Amino acid sequence: MSDSVEITSVLKEDRVFPPPADFGARSGGAHVGSLEEYRAMHKRSLDDPAGFWGEVASELDWFEPWTEVCEWKLPDAKWFLGGKTNICHNCVDRQVDQGHGDQVAILWESETTDSQGAPEIRRLTYADLKRETAKLANVLEGLGVKKGDVVTIYMGMVPELAIAILACARIGAVHSVIFGGFSSQAIADRVEDADSSVVLTCDGSWRRGTIIPLKANVDQACKLSDKIKSVLVLTRCQNAIEWQDGRDHRWGELVADASDVRPCEPMDSEDMLFLLYTSGSTGKPKGIVHTTGGYMVYTYLTSKLTFNLRPDEDQVYWCTADIGWITGHSYIVYGLLPNRVPTLMYEGAPNHPAPNRFWDIVERHKVTHFYTAPTAIRAFMKWGDEHVEKHDLSSLQVLGTVGEPINPEAWIWYRDVIGAGRCPIVDTWWQTETGGHMLTPLPGATPTVPGSCTLPFFGIDAAVVDQDGNELPANTGGLLAIRKPWPSMLRGIFGDRERFVETYFTKIKGMYFPGDGARRDERGYFWIMGRVDDVINVAGHRLGTMEVESAIASHDSVVEAAVVGMPHEIKGTAIAAFVTLAGDLEPSDELRQALRDHVAQAIGAIAKPDMIRFCDALPKTRSGKIMRRLLRDIAAGTDSGQDVTTLEDLTVLARLRGDEE
Ligand code: WTA
């Protein structure tokens, strides 16, 4: 573990907000209506997991029933053993079979607007999704994709992205979605790791009025990796693209010609559903493996209960994440569609063309459920209440947050200004690895406290422990641990068993270790204190400090780099890099810019350091370990991250502080 297991105390927060008395009446009834009911259900879910999860799973369709609910051979969990199902069936075909084919499944809004200022809006029903996923499934099979093959998806937020993942699920292909902000190098790395020869992309995607050249990035990735044999290209932006016959295929043409019949492949409950790459403590991103049955059941139930979804109550649910992240997988597509509540997908930026864009969307579509990240909330606070106040947000019922700890000021602003004090706030703690919500309030049951993600979801046995796994007393900082398996837990890191065991199951013996520090208060509520490994959370995007370090160090001018997180008003955490230069190179702003661009090329623009400081030497302990705590202190003390071009001798500071780390 890194030197950063240092849990700082937080201010005591004792404002408690009970669920609004009329929440049930306004929302068509609360699925879980009181804290007592929650506690009884939670107890049952732990005492009788087979009974509890068996009942939940029975709410969905299975082609063949399971014979055993859970098998746990630490660190390997299997759920619904022997069961056969298909998640695309439960998202799409099942709704059509039950007579809901003409209901809106996906409600999409473009970032672009016409001359009157109106966006393009597309409404896809379950019947549309059935047709389109079958067509695309046939196209994929035509390109040679077979059950178990990994299909890489690198697209903007268009409905076809959701169709793409569902089409993969339909035929049992494994999807690996890469967020559109990642670079061609990142695509090549992931394609190589996953051994994936088919890539789905768009000509470009719209972001804040400009086009991100997705196809050009894929072209470049093809030069870096010879794995890619077929590229299926959707036209979205009509930007100029290069074309390679034989390799590149036009989405529109192939789909138009494809049959719209392709039944859902019966999948074993433990067949792989998708890979999603995420950052860890070491340089290389890891492919998190999720399987079919457990993930399907858990995302279905968490969506239903955390947001209190009810299909016949005119709800409109909007999660502002990108499908390139786990939040989009679980809470735009897979958990939502089986609940038969329309899921809104918005293509672009929150402030395009103006900072009121989100609120305009909420008002026009009468959004009832809104789920976003603290970094966005802090940005809205900064842009000013006037952008919110000009809109009627009275449709809202539940507000959610995810991705990083939310500071109480932002929580209160969210509650008061967006929710007008009426809407429960669900602060959901979870991870790519957990597949679904782990610690979260339930809107009709759990009294909330600003900054706390409150209590474990059903089936989750969470605790704050020391490194030996002993539970710590109330209000003592320690490691967050999950002691029992849950249906949507990761099944592995693709191709790296050792790293899977080492990262998640050896730090605390016998328990899952998520990498976060936490404390529990006297109520039993959890307070997440952030990562205790070398992972940082920049504007809700997860990055490994070592990943950024190796990107910087791969530049010719650099000898060594150390990357730490530093506090940032909007992003929560920003990236600070300390760099030593080769030979007699002098620091300059040009070089600083060159290093930033270099990182953008190696990983993506989201990983560009906010601050780069050049130094003569990095502070190290006698054993040669970089003293990150010292660097963090320096970075945190840096006036608004202003760069200084002077070379500093940080070893002097290290000597002053002594070899403490
Ligand atoms: C952090 C995103 C505090 C945490 C779903 C976790 C949070 C990492 C919260 C996972 C929250 C996520 N409060 N911290 N409500 N939600 N985190 O894999 O450090 O992108 O380990 O999954 O984000 O990030 P990931």
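This text follows the structure it describes.
Residues numbered from 1 in each chain as written. Predicted model: local features only at pLDDT ≥ 70, side-chain atom pairs only at ≥ 80, totals over all residues. Heavy atoms only, no water.

(A) Focus on the sheet that holds strand 16 (residues 317-319). Judged by pairing direction, the sheet is mixed, and its seven strands sit side by side in the order 5-4-17-16-18-19-20 without closing on themselves. Lying at the two open borders of the sheet, with one neighbouring strand each, are strand 5 (119-125) and strand 20 (425-428). Going from strand to strand, the sheet's axes swing by 20 degrees on average, the running direction of each strand aside. Sheet topology places strand 19 (residues 398-402) next to strand 20; four bridges connect them, and they run parallel. Looking at strand 20, one finds that Leu-399 is bridged to Ile-425. In this fold helix 15 (residues 408-418) packs onto strand 18 (369-372), strand 19 and strand 20, with an angle of close to 155 degrees to the strand it touches most, strand 19. (Pairing = 2+ DSSP bridges. Helix = DSSP H or I, 4+ residues; strand = E, 2+ residues; numbered from the N terminus. Axes fitted to C-alpha atoms, helices over the stretch in contact; angles between N-to-C directions. Contact = heavy atoms within 4.5 Å.)

(B) Quick look at the sheet that holds strand 7 (residues 174-177). Spatially, eight strands are ordered 12-11-8-6-7-14-15-23 in an open sheet, and the strand pairing comes out mixed. Unpaired on one side and paired on the other, strand 12 (248-250) and strand 23 (492-493) mark the two borders of the sheet. Examined bridge by bridge, strand 7 and strand 14 (residues 272-278) share two bridges and lie parallel to one another. Looking at strand 14, one finds that Ser-176 is bridged to Leu-275.

(C) Local environment of the site of the ligand. Inspection of the region around the ligand gives 17 residues, with Asp-427, Thr-428, Thr-432, Asp-516 and Arg-542 positioned closest. Contact distances for the ligand include 3.4 Å between a nitrogen atom and a backbone N or O atom of Pro-405. The side chain of Asp-516 places a nitrogen or oxygen atom 2.7 Å from an oxygen atom of the ligand. Burial of the ligand by the surrounding chains reaches 97%, relative to a free accessible area of 530 Å². (Near = heavy atom within 4 Å. Polar contact = N/O pair within 3.5 Å; in protein donor to acceptor, adjacent residues only side chain to side chain. Areas by Shrake-Rupley, 256 points an atom, 1.4 Å probe, with all protein chains shown as cover.)

(D) Fine view of the pattern of salt bridges. Going through the model one piece at a time under the given rule, you end up with 45 salt bridges. The partner of Glu-120 in a salt bridge is Arg-236, and the shortest N-O contact between them spans 3.9 Å. Separated by 116 residues along the polypeptide, Glu-120 in strand 5 and Arg-236 in the loop between strand 11 (230-234) and strand 12 bring together distant segments of the chain. The exposure class assigned to Glu-120 is partly exposed, which follows from its relative accessible area of 39%. The class for Arg-236 is buried, based on a relative accessible area of 15%. (Salt bridge = Lys/Arg side-chain N within 4 Å of Asp/Glu carboxyl O. Buried < 20%, exposed > 50% of the residue type's maximum accessible area, 1.4 Å probe, protein only.)

(E) The arrangement of the pairing of strand 28 (residues 558-568) in detail. Direction of pairing for strand 28 relative to strand 29 (residues 572-581): antiparallel, over a ladder of 10 bridges. Looking across to strand 29, one finds that Val-564 is bridged to Ala-576.

(F) Structural context of the state of the cysteines. Per the stated rule, a full pass over the model turns up zero disulfides. In this structure Cys-91 is a free cysteine whose sulfur lies 6.7 Å from that of Cys-88, the closest cysteine sulfur available. Here Cys-423 is not cross-linked by a disulfide; its sulfur's nearest cysteine counterpart is in Cys-319, at 17 Å. (Disulfide = S-S within 2.5 Å.)

(G) Geometry of the packing of helix 4 (residues 87-97) against helix 5 (residues 126-142). Their axes nearest at 8 Å, the elements helix 4 and helix 5 cross at an angle of 125 degrees. Compared by their axis directions, helix 4 and helix 5 come out oblique. Viewed along their axes, helix 4 and helix 5 form a crossing whose handedness is left-handed. Two secondary-structure elements touch here, helix 4 through Cys-88, Cys-91, Val-92, Asp-93, Gln-95 and Val-96 and helix 5 through Tyr-126, Ala-127, Leu-129, Lys-130 and Thr-133. (Parallel < 35°, antiparallel > 145°, perpendicular 65-115°, else oblique. Left-handed = near helix turned anticlockwise from the far one by under 90°.)

(H) The arrangement of the environment of Phe-274 in detail. Take Phe-274: it is sitting in strand 14. On a C-alpha basis, the gap between Phe-274 and Val-599 in space is 27 Å, while along the polypeptide they are 325 residues apart. Ignoring any residue separated from it by four or fewer positions in sequence, one finds Phe-274 in contact with Val-174, His-175, Ile-288, Val-289, His-290, Tyr-295, Ile-326, His-329 and Tyr-334.

(I) Inspection of helix 15 at higher detail. Of the positions making up helix 15, those classed as buried are Ala-410, Trp-411, Ile-412, Trp-413, Tyr-414, Arg-415 and Ile-418. Against helix 12 (357-365), strand 18, helix 13 (374-383), helix 14 (386-389), strand 19 and strand 20 lie the buried residues of helix 15.

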